[in-house]
There are 2 protein chains.
Amino acid sequence: MTTPMLTKNQSLVFDVLTKAEAPLSAYTILDKLRDQGFRAPLQVYRALDKLLEYGVVHRLESINSFVACAHPNEDCHSHGLVAFAICESCGQVIEFHDHEVDHRLMAWLKSQKFKAEKSTIEIRGHCGNCAA
Amino acid sequence: MTTPMLTKNQSLVFDVLTKAEAPLSAYTILDKLRDQGFRAPLQVYRALDKLLEYGVVHRLESINSFVACAHPNEDCHSHGLVAFAICESCGQVIEFHDHEVDHRLMAWLKSQKFKAEKSTIEIRGHCGNCAA
DNA sequence: ATCAATTGCGTAATGCTATAACGTGTGCGA
DNA sequence: TCGCACACGTTATAGCATTACGCAATTGAT
């Protein structure tokens with residue numbers, strides 16, 4: 001999928017995520033955009049829905065937060081599965097991809113005749129800088 | 001870790017999850033236990049915290065729900081990473097483990113000096129029975 | 001036996017996350 | 001011009017999780 005022009009709200013939300021150093025919750029995004037005229041959660045969620053659809057933002061299920069994709073130019077949907085390492089100290093998120101992991105998971109799913117649609121791979125712990 | 005005796009509340013919650021055919025949310029569990037005297041969410045969450053700690057229950061982050069572990073006798077913490085395939089039609093969850101996936105993820109994390117503490121691997125889609 | 005620490009429990013209140021249900025305006029093709 | 005699709009704004013509500021308080025039972029050291 002090629003990313004269409006973003007609307008005003010979508011751009012505002014995307015910019016906030018791009019400039020953030022850690023994942024943000026929808027309500028945190030809302031607070032950061034109040035000066036830009038945002039008043040209600042739905043404004044954020046609607047923008048996020050589109051950004052997720054375009055593949056330029058990822059949702060981190062385990063912490064109910066959102067991050068800009070680490071590969072802004074490529075189409076993230078084409079990378080296969082996406083995985084995240086989330087530091088619980090500094091909040092930093094490292095996005096990565098491993099074809100072998102993809103392959104093994106897909107093989108298992110196929111053996112079960114399970115049709116995958118969305119995947120979540122998130123590892124929480126402490127990054128190199130924060131680990132004692 | 002060896003699982004200690006469960007308290008009354010823990011047993012009630014565990015039984016509900018064991019008998020369920022699909023993951024349950026904390027509030028659904030609460031509703032099922034009102035006849036047993038449960039009145040507040042905290043009663044459920046406190047029991048769930050212990051059951052998660054003992055490794056006899058898993059939390060599905062992507063759907064804010066809980067399931068009994070598929071390996072009631074073994075210690076689930078010793079399996080390495082746990083993965084779930086979640087059917088969005090029938091709600092059924094298949095728990096599985098793949099050492100190769102573990103190995104690849106752990107190798108990547110080690111290369112980044114990232115210390116993993118908790119992991120979430122969840123695939124949502126449609127199971128063999130539900131897929132058209 | 002007593003005291004302190006720990007653990008589980010009950011209740012009320014609150015906070016965080018996400019969606020439903022309205023209605024408005026704008027652009028665009030039939 | 002009509003109808004449709006889409007983005008937007010607002011209010012209200014639903015769903016998930018925790019904080020804060022106090023009480024009761026257990027354990028274990030003194």
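Cut-offs used in this document
- Residues numbered from 1 in each chain as written.
- Chains lettered and ligands numbered in written order.
- Predicted model: local features only at pLDDT ≥ 70, side-chain atom pairs only at ≥ 80, totals over all residues.
- Heavy atoms only, no water.
- Near = heavy atom within 4 Å.
- Polar contact = N/O pair within 3.5 Å; in protein donor to acceptor, adjacent residues only side chain to side chain.
- Helix = DSSP H or I, 4+ residues; strand = E, 2+ residues; numbered from the N terminus.
- Nonpolar A, V, L, I, M, F, W, Y, C, P; charged D, E, K, R; others polar.
- Expected span 1.5 Å × (residues − 1).
- Buried < 20%, exposed > 50% of the residue type's maximum accessible area, 1.4 Å probe, protein only.
- Arc of directions from axis to C-beta.
- Contact = heavy atoms within 4.5 Å.
- Buried area = accessible area lost by both parts, 1.4 Å probe.
- Salt bridge = Lys/Arg side-chain N within 4 Å of Asp/Glu carboxyl O.
- Pairing = 2+ DSSP bridges.
- Axes fitted to C-alpha atoms, helices over the stretch in contact; angles between N-to-C directions.
- Least-squares fit on C-alpha atoms with pLDDT ≥ 70 in both.

**Q** Can you walk me through the protein's contact with DNA strand D in this structure?
**A** Neighbouring DNA strand D are 15 residues, the closest being Thr7, Gln43 and Arg46 of chain A together with Tyr27 and Arg59 of chain B. Each atom of DNA strand D within 4 Å of the protein belongs either to a base or to sugar and phosphate, the latter forming 46%. Thr7 of chain A places a polar side-chain atom, nitrogen or oxygen, 2.7 Å from a phosphate oxygen of DNA strand D. One of the side-chain nitrogen or oxygen atoms of Asn64 of chain B is found 3.5 Å away from a phosphate oxygen of DNA strand D. The set of elements that each furnish at least two residues to the surface near DNA strand D consists of helix H1 (8-19) and helix H3 (41-54) of chain A together with helix H3 (41-54) of chain B. Considering each element in turn, the surface near DNA strand D owes the most residues, 4 residues, to H3 of chain A. Along the lines of polarity and charge, the residues of the surface near DNA strand D split into 5 nonpolar, 5 polar and 5 charged.

**Q** What am I meant to see in helix H4 (residues 99-111) of chain B here?
**A** Helical periodicity: at 3.6 residues per turn, an α-helix aligns residues three or four positions apart in one direction. End to end, H4 of chain B covers 18 Å across 13 residues, agreeing with the expected 18 Å (1.5 Å per residue, within 8%). For H4 of chain B, every residue scored as buried is listed here: Val101, Asp102, Leu105, Trp108 and Leu109 of chain B. Buried residues of H4 of chain B fall within an arc of 140° about the axis and therefore sit on the same side. Looking at H4 of chain B, the residues exposed on the side facing more than 90 degrees away from the buried face are His99, His103, Lys110 and Ser111 of chain B. On its buried face, H4 of chain B sits against strand E3 (83-87), strand E4 (93-96), helix H4 (99-111) and strand E5 (115-126) of chain A together with strand E5 (115-126) of chain B.

**Q** How should the interface of chain A and chain B be read in this particular structure?
**A** With 33 residues of chain A at the contact, the number on the chain B side is 33 residues. Across the chain A/chain B interface, buried area totals approximately 3,200 Å², and carbon plus sulfur atoms make up 64% of it. At the junction of chain A with chain B, the criterion picks out 4 salt bridges. Two residues, Glu61 of chain A and Arg124 of chain B, come together in a salt bridge whose shortest N-O distance is 3.6 Å. For the pair chain A and chain B, the number of links is 16 residue pairs in polar contact (both at pLDDT 80 or more). Of all elements in the fold, only E3, E4, H4 and E5 of chain A reach the threshold of two or more residues within the side of chain A that touches chain B. The greatest single-element share of the side of chain A that touches chain B, amounting to 12 residues, is contributed by E5 of chain A.

**Q** Please clarify how the sheet that holds E4 of chain A should be interpreted in this entry.
**A** Where strands meet in a sheet, backbone hydrogen bonds hold them as pairs that are either parallel or antiparallel. Judged by pairing direction, the sheet is mixed, and its 6 strands sit side by side in the order E4(A)-E3(A)-E5(A)-E5(B)-E3(B)-E4(B) without closing on themselves. Where the open sheet ends on each side, the last strands, each with one partner, are E4 of chain A together with strand E4 (93-96) of chain B. Averaged over all adjacent pairs, the angle separating strand axes in this sheet is 20°, with direction ignored. Note: E3 of chain A against E4 of chain A, 4 bridges, orientation antiparallel. Within E4 of chain A, the position partnered with Ala83 of chain A by the bridge is Phe96 of chain A.

**Q** Even after reading the chapter, I still don't get the relation of the copies chain A and chain B, so can you show me in this structure?
**A** What relates the two chain copies is a rotation about an axis together with a slide along it. In the superposition of chain A on chain B (RMSD 0.0 Å, axial shift 0.0 Å), the rotation amounts to 180°. In symmetry terms, the pair is related by a two-fold rotation axis. Considering only C-alpha atoms, the part of chain A nearest the rotation axis is Ile121 of chain A, at 2.3 Å. Here 100% of the interface residues in chain A have copies in chain B that are interface residues too; the copies meet face to matching face.

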